[in-house]
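Listed below, chain by chain, are the residues.
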Amino acid sequence: MNMLKELTFAAVPRENTLTPQQKRRNKLIAHLREQLAMAQAEIDGRIHVVKKRRWERTQDGQKHLVEVDKRLKQWWKPQADGKLLLTVRYGAKAIEFEKGKDAVVLADVRELAAVLPKLIAATETGELDGHINAVTKAKQPVVMKR
């Protein structure tokens, strides 16, 4: 008992100090950085691979932690004229930058690699908050009243 009286105690600060809007920004920034890494890999002529860990059961019922490749999808698509269309996605939905326009037209992958850092900076400063909110409000389920 005398040992505890000699110690000084304090409350552990909570690390959940981010607002919901900041969490949404960070989520989008992480995905934009992933797309930038994929674009850089395409420019360099290599394949970008991200590993993730998951638990799998063996036939005898034992659980093992294994590393598998994370499935990544490119947000850009080549067009018939050689240009690229980049859609910025939040979850499963594409962000609309203007009414009915949800893609950025780019000349090639090098321009894509130059535009993605600009989108990351715009997200960090909060320029895309309204667009993110529009997508997240569209995703919320409809509550039926009785």
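1. Description of the overall build of the chain
For step 1, the next point in the chain: Looking only at helices and strands, the chain features four helices and seven strands.
For step 2, the next point in the chain: The linear arrangement of helices and strands in the chain, starting from the amino end, is α-α-β-β-β-β-β-β-β-α-α.
For step 3, the next point in the chain: Against the compact-globule benchmark of 15 Å for 146 residues, the chain has a radius of gyration of 22 Å, which places it well outside the compact range.
For step 4, the next point in the chain: Relative to its 146 residues, the chain shows a buried fraction of 24%.
For step 5, the next point in the chain: Restricting to contacts in the chain with at least 6 residues of sequence separation, those with at least 24 account for 51%.
For step 6, the next point in the chain: Of the roughly 11,500 Å² of accessible surface on the chain, a fraction of 52% belongs to carbon and sulfur atoms.
For step 7, the next point in the chain: Averaged over its 29 positive side-chain charges, the chain has a centre that lies 8 Å from the centre of its 18 negative ones.

2. Thoughts on the pairing of strand S1 (residues 51–57)
For step 1, the next point in the chain: In terms of burial, S1 is largely open, as just zero of its seven residues are buried.
For step 2, the next point in the chain: Judged from the seven bridges that link them, S1 and strand S2 (residues 63–69) form a sheet pairing that is antiparallel. Across the sheet, residue Arg57 finds its bridge partner in S2, namely Lys63.
For step 3, the next point in the chain: The turn joining S1 and S2, which pair antiparallel and follow one another in sequence, is formed by five residues; a positive phi near 95 degrees is taken by Gly61.

3. Focus on the side chain of Thr87
For step 1, the next point in the chain: Mapped onto the elements of the fold, Thr87 is located in the loop between strand S4 (84–86) and strand S5 (89–90).
For step 2, the next point in the chain: Sequence-distant contacts of Thr87, that is, excluding residues within four places in its chain, are made with Trp75, Ala94, Asp102 and Ala103.

Parameters and conventions
- Residues numbered from 1 in each chain as written.
- Predicted model: local features only at pLDDT ≥ 70, side-chain atom pairs only at ≥ 80, totals over all residues.
- Heavy atoms only, no water.
- Helix = DSSP H or I, 4+ residues; strand = E, 2+ residues; numbered from the N terminus.
- Rg over C-alpha atoms; globule rule 2.2 N^0.38 Å.
- Buried < 20%, exposed > 50% of the residue type's maximum accessible area, 1.4 Å probe, protein only.
- Contact = heavy atoms within 4.5 Å.
- Areas by Shrake-Rupley, 256 points an atom, 1.4 Å probe, with all protein chains shown as cover.
- Lys, Arg positive; Asp, Glu negative; His and termini not counted.
- Charge placed at Lys NZ, Arg CZ, Asp CG, Glu CD.
- Pairing = 2+ DSSP bridges.

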